[in-house]
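Next come the chains, spelled out residue by residue.
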Amino acid sequence: MTVFFIGAGPGDPELITVKGQRLVRTCPVILYAGSLVPPAVLEGHRAQQVVDTAPLTLDEIVALLESAHRRGHDVARVHSGDPSLYGAIGEQIRRLRELGIPYEVVPGVTATAACAAALSNELTLPGISQTLILTRYAAKTSMPEGEALGDLARHRATMAIHLGVRHIARIVEELRPHYGDDCPVAVIYRASWPDEERVTGTLADIVGKVQATDIERTALILVGRVLGAEGFADSKLYGMGKR
């Protein structure tokens, strides 16, 4: 058997990959993060066992994987977004290695990609930014040395900040010295879900705009001059012959 760590995408059930959907529909066991993965992602499944792991501990989840392994049943372990980004699969994989249980990772559409699509925005533009930094705000868990927001902001690259909307005021204070008050910002709540909500502004006014909403979690913060940029050079891609 194999444990398949599957990225379900950001919310829209049509954004799961073809491979991920096939595995969800054919694996006899499904373990999914119910607080973040919509039930529609599981439509068409023929699994004998379906478990919402949201209330379970790591030990309880691993016990379910061990049980499936003993029965020879493949497992669709469904995570939101892409499991390699804040998916907490590292500790699960470590345990599977110790137990000798085979596994495979199936990538998914990231929340960052869904937010860029919602804004109809390219996150890398010639002469504006050619770098995208994916990070999170240091709340319950501290950041490694050199990865504080202020350190990363010095690059003035496009930045996607996870798990930080509750701390939007502190985040803005760390970013303003490097990006400037007029730097565009977008806060996207539940990107690609039916109740998606977007708040756009600049570092000068985004705090008030977000605080005027009910957004407190499940939101991504995008920062950078690429947002809404117009004065950028054409890419060289289309001037080099056939592609």
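The rules we used
- Residues numbered from 1 in each chain as written.
- Predicted model: local features only at pLDDT ≥ 70, side-chain atom pairs only at ≥ 80, totals over all residues.
- Heavy atoms only, no water.
- Phe/Tyr/Trp six-rings, centres within 6.5 Å; stacked < 30°, edge-to-face > 60°.
- Lys NZ or Arg CZ within 6 Å of the ring centre and 35° of its normal.
- UniProt positions renumbered as here; feature names shortened; annotations may be inferred.
- Helix = DSSP H or I, 4+ residues; strand = E, 2+ residues; numbered from the N terminus.
- Disulfide = S-S within 2.5 Å.
- Domains from an automatic or database assignment.
- Contact = heavy atoms within 4.5 Å.
- Buried area = accessible area lost by both parts, 1.4 Å probe.

## Things to note about the packing of aromatic side chains
Within the structure shown, the criterion is met by zero aromatic pairs. A cation over an aromatic ring shows up here: Arg 190 above the ring of Trp 193, its NZ or CZ 3.9 Å from the ring centre.

## Some thoughts on the UniProt feature "domain: Tetrapyrrole methylase" (unreviewed entry) in the protein
Taking the numbering used here, the UniProt-annotated feature "domain: Tetrapyrrole methylase" (unreviewed entry) corresponds to residues 2-206. For residues 2-206, helix accounts for 29% and strand for 21%, while the C-alpha atoms at its two ends are 45 Å apart.

## Describing the state of the cysteines
One way to say it: the disulfide is the covalent bond shared by the sulfur atoms of two cysteines. The final tally for this structure, using the stated rule, is zero disulfides. Free of any disulfide, Cys 115 has its nearest neighbouring cysteine sulfur in Cys 183, separated by 16 Å.

## Notes on the domain arrangement of the protein
Splitting the protein by domain gives domain 1 (1-104) and domain 2 (110-225). Centre-to-centre, using C-alpha coordinates, domain 1 lies 29 Å away from domain 2. Each partner contributes residues to the interface: domain 1 has 10 residues there, and domain 2 has 10 residues. Here domain 1 meets domain 2 over a buried area of about 850 Å², counting both sides, of which 72% is carbon and sulfur. Summed over the three residues of domain 1 that lose the most area to domain 2, namely Pro 10, Leu 85 and Tyr 86, the buried surface amounts to 60% of that side.

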